[in-house]
Amino acid sequence: NFDSMVAAAKKDGVSLQISSGYRSRAEQERLYAAYKNGTGNLAAKPGTSNHEKGQAIDFKNTSGAYDWLAKNAGRFGFK
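Nothing here was measured: the structure is a model prediction, and the numbers come from that model.

With that settled, consider helix H3 (residues 65–72). Listing the buried residues of H3 in full gives Ala65, Trp68, Leu69 and Asn72. Here the buried residues of H3 occupy an arc of 95° about the axis, which is enough to place them on one side. For H3, the exposed residues lying more than 90 degrees away from the buried face are Tyr66, Ala70 and Lys71. The inward-facing, buried residues of H3 contact helix H1 (2–11) and strand S2 (58–59).

Given below as structure tokens:
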């Protein structure tokens, strides 16, 4: 489904580029610690992140990506 979604976006002139996907527990702990001490972005508590479960993808904010995903991701089984 992911490859089909990327291809459909490309056909519509939108480039979907991954900025983050699966994270190990250690990586999630590092990101959460940085968030808690004010030096990082919002991050879920380790053990609760969909990234640790391999169920989340973050995309770069390329031109049109957010709007395209908001309108079309559901067609490919993504939220």
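Having put the structure on the table, let's press on.
By the definition in use, this model includes 3 aromatic pairs. Between the aromatic rings of Phe2 and Phe59, the centroid separation amounts to 6.3 Å while the plane-to-plane angle is 15°, which identifies the pairing as stacked. One end of the pair, Phe2, is in helix H1; the other, Phe59, is in strand S2, and 57 residues separate them in sequence. The exposure class assigned to Phe2 is partly exposed, which follows from its relative accessible area of 24%. Overall, the relative accessible area of 23% leaves Phe59 in the partly exposed class. Geometrically, the ring pair formed by Tyr32 and Tyr35 is tilted, given 6.1 Å between the ring centres and 45° between the ring planes. Here Tyr32 and its partner Tyr35 are both found in helix H2 (residues 25–36), 3 residues apart, which amounts to about one turn of the helix. The class for Tyr32 is partly exposed, based on a relative accessible area of 21%.

Position of Lys60 relative to the elements: it lies in the loop between S2 and H3. Sequence-wise, Lys60 and Ser15 are 45 residues apart; in three dimensions their C-alpha atoms are separated by 9.2 Å.

Let us now look at H1. Those residues of H1 that sit buried are Met5, Ala8 and Ala9. For H1, the angular spread of the buried residues around the axis is 100°, confining them to a single face. H1 presents Asp3, Lys10 and Lys11 as exposed residues on the side facing more than 90 degrees away from its buried surface. Next to the buried residues of H1 lie S2 and H3. Gly13, located one to two residues past H1, shows a positive phi value of around 85°.

Cut-off values and rules
- Residues numbered from 1 in each chain as written.
- Predicted model: local features only at pLDDT ≥ 70, side-chain atom pairs only at ≥ 80, totals over all residues.
- Heavy atoms only, no water.
- Buried < 20%, exposed > 50% of the residue type's maximum accessible area, 1.4 Å probe, protein only.
- Helix = DSSP H or I, 4+ residues; strand = E, 2+ residues; numbered from the N terminus.
- Arc of directions from axis to C-beta.
- Contact = heavy atoms within 4.5 Å.
- Phe/Tyr/Trp six-rings, centres within 6.5 Å; stacked < 30°, edge-to-face > 60°.

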